[in-house]
Amino acid sequence: MTKKRDWKPQTALVHGGTLRSGFGETSEAMYLTQGYVYETAQAAEARFKGEEPGFIYSRYANPTVDMFEKRMCALEGAEDARATASGMAAVTAALLCSARAGDHIVAARALFGSCRWVVETLAPKYGIEATLVDGTDIANWEKAVKPNTKLFFLESPTNPTLEVVDIAAVASLANSIGARLIVDNVFATPLQQKPLQLGAHIVVYSATKHIDGQGRCLGGVILSDKKWIDENLHDYFRHTGPSLSPFNAWTLLKGLETLPLRVRQQTESAGKIANFLAERPEIARVIYPGRADHPQADIVRKQMTGGSTLICLDVKGGKQAAFAFQNALDIVLISNNLGDAKSLITHPATTTHKNLSDEARAELGIGPGTLRLSVGLEDADDLLADVEQALKSAK
């Protein structure tokens, strides 16, 4: 394995966690195997007892998946990680392994639709109580705390309105009551926000998004301290099988190599487009973490090192105008994904957040004209021209 030195993220994302076979391959090997062979029966017994290092079964661990986990740890500054088949597998495992029947979860209400379902619908089926709050005010978290509160959960920036929650403040509150904080850090990416450094206890990612970044595969990852993973996540992971496939792990390793380059350009282009949209008469509102008019601009400056690859905008004229704008776009594609090399646009009210009530969407600031724009790697001037021409249809 390559020894980790005092590497910057760009170097860690190329070399971190590399495990080479006897062939000395340059690119990481893809170990497409279900099981492993032991030299002797005694060796098999020792490995199952944990007395001898090595792999047992790829549902538990796999060399290619192990490389991805170690590289993510090097980037995030985490002691340990487990990679999962999707981002929602990571979220669900992190939540269910952090709480048990009789416990109480406090979560920011601004969550991806599936995350809200896990908190509001799935967790209560197992006797876990949940309260949703406006996460932008620490007082709301404090008021929601109960004697049995064991877990806080938030996204920051949020999907799709890019609200920013003060992670350090929520982490401090969690510590004061003996609870743990899980942060979904997908929108910030591990390059622009470090939740563990801000006091969070667990970080989750949909690696499907920026980490792959090219629309190829699904994946997720949970990062935390080794003690929590060993005592809470390890057995759940081993016996329920949300494992990441070796092929997807290999694909994600390749994505990590170019992550800094992609995120840097996407963020730069997103900033230009956000500034352009903010001046357009067809647009009622633009929310972008890199702008001074962001509702939580002071928190953005405190805890993020960059803006975002995403923009939230409201088109005047509601759903009809928003649809007309989307349909007139030439380069930007209509899709519910994000973090891709291709620019993608989403109408949350009819896609990712359609299962929420009108009242719940209104609470989150998702209106009929709200759109989420994920900026890709196309030339920024070409994207600006495409957005400008499409706005002519949004009337």
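Residues numbered from 1 in each chain as written. Predicted model: local features only at pLDDT ≥ 70, side-chain atom pairs only at ≥ 80, totals over all residues. Heavy atoms only, no water.

Section: the packing of helix α4 (residues 87-96) against helix α5 (residues 113-125)
Here's step 1: Contact pair α4 / α5: the axes reach a minimum separation of 10 Å and the direction vectors enclose 30°. It follows from the interaxial angle that α4 and α5 lie roughly parallel. As for the relative orientation of α4 and α5, their crossing is right-handed in sense. Mapping the contact onto sequence places Met88, Val91, Thr92, Leu95 and Leu96 in α4 and Ser114, Cys115, Val118, Val119 and Leu122 in α5.
Here's step 2: Among the residues making up the contact of α4 with α5, the classes are represented as eight nonpolar, two polar and no charged. (Axes fitted to C-alpha atoms, helices over the stretch in contact; angles between N-to-C directions. Helix = DSSP H or I, 4+ residues; strand = E, 2+ residues; numbered from the N terminus. Parallel < 35°, antiparallel > 145°, perpendicular 65-115°, else oblique. Left-handed = near helix turned anticlockwise from the far one by under 90°. Contact = heavy atoms within 4.5 Å. Nonpolar A, V, L, I, M, F, W, Y, C, P; charged D, E, K, R; others polar.)

A word on the UniProt feature "modified residue: N6-(pyridoxal phosphate)lysine" (unreviewed entry) in the protein
Here's step 1: As recorded in UniProt, the feature "modified residue: N6-(pyridoxal phosphate)lysine" (unreviewed entry) lies at Lys209.
Here's step 2: Positionally, lysine 209 belongs in the loop between β6 (202-206) and β7 (220-224).
Here's step 3: Sequence-distant contacts of lysine 209, defined by excluding residues within four places in its chain, comprise Val186, Asn337, Leu338 and Gly339. (UniProt positions renumbered as here; feature names shortened; annotations may be inferred.)

Examining the pairing of β7
Here's step 1: Buried residues dominate β7, accounting for five of its five residues.
Here's step 2: Residues Gly220, Ile222 and Ser224 of β7 are buried on one face, and the alternating residues Val221 and Leu223, pointing to the opposite face, are buried as well.
Here's step 3: The pairing of strand β1 (residues 80-84) with β7 spans five bridges and is antiparallel. Paired with threonine 84 across the strands is glycine 220, a residue of β7.
Here's step 4: Pairing of β6 with β7, which is carried by four bridges, proceeds in the antiparallel orientation. The residue bridging valine 204 from the neighbouring strand is isoleucine 222, located in β7. (Buried < 20%, exposed > 50% of the residue type's maximum accessible area, 1.4 Å probe, protein only. Pairing = 2+ DSSP bridges.)

Section: the sheet that holds β1
Here's step 1: Read across the open sheet, the seven strands follow the order β1-β7-β6-β5-β4-β2-β3; overall the sheet is mixed. The outermost strands of the open sheet, each flanked by one partner alone, are β1 and β3 (129-133). Looking at each pair of strands side by side, their axes are set apart by 20° on average, direction ignored.
Here's step 2: Pairing between strand β5 (residues 180-184) and β6: three bridges, direction parallel. Bridging across to β6, valine 183 finds its partner in valine 203.

A short note on the nonpolar core
Here's step 1: Counting 31 residues, the largest nonpolar core has Phe68, Met72, Tyr205, Ile211 and Leu223 as the members making the most contacts within it.
Here's step 2: Contributions of two or more residues to this core are made by α3 (63-76), β1, β6, β7, α10 (246-278) and β9 (310-315). (Core = buried A, V, L, I, M, F, W, Y, C linked by side-chain atoms within 4.5 Å.)

Brief notes about the pattern of salt bridges
Here's step 1: Summed over the entire model, instances satisfying the criterion amount to 21 salt bridges.
Here's step 2: Between arginine 71 and glutamate 28 there is a salt bridge, with its nearest N and O atoms 2.8 Å apart. You can see arginine 71 sitting in helix α3 and its partner glutamate 28 sitting in the loop between α1 (9-15) and α2 (41-49), a full 43 residues away along the chain.
Here's step 3: Among the ionic pairs, arginine 280 bridges to glutamate 388, the shortest N-O distance being 3.7 Å. A residue pair is termed long-range when its members are at least 10 positions apart, and arginine 280 in the loop between α10 and β8 (283-287) and glutamate 388 in helix α14 (residues 380-391) qualify at 108 residues.
Here's step 4: According to the relative accessible area criterion, arginine 280 is buried, its value standing at 19%.
Here's step 5: Each of Glu28, Arg71, Lys254 and Glu257 takes part in one network of salt bridges that share partners. (Salt bridge = Lys/Arg side-chain N within 4 Å of Asp/Glu carboxyl O.)

Examining unusual backbone geometry
The phi torsion of most residues other than glycine is negative, and most of the peptide bonds are trans.
Here's step 1: At the junction of serine 156 and proline 157, the peptide bond is cis and its omega measures out at -10° in the coordinates.
Here's step 2: Residue placement: proline 157 occurs in the loop between β4 (149-155) and α7 (167-177).
Here's step 3: A cis amide bond links asparagine 159 with the next residue in sequence, proline 160, at an omega value of 5°.
Here's step 4: Summarising the element assignment, proline 160 is placed in the loop between β4 and α7.
Here's step 5: The residue leucine 162 is not glycine, and still its phi comes out positive at about 60°.
Here's step 6: Inspection of the secondary structure assignment puts leucine 162 in the loop between β4 and α7.
Here's step 7: Even without glycine at this site, threonine 189 takes up a positive phi of about 70°.
Here's step 8: With respect to the helices and strands, threonine 189 occurs in helix α8 (residues 189-192).

Regarding the environment of tyrosine 126
Here's step 1: Inspection of the secondary structure puts tyrosine 126 in the loop between α5 and β3.
Here's step 2: Classification of tyrosine 126 by relative accessible area gives exposed; the value is 52%.
Here's step 3: Separated by 30 residues in sequence, tyrosine 126 and leucine 96 place their C-alpha atoms 9.1 Å apart.

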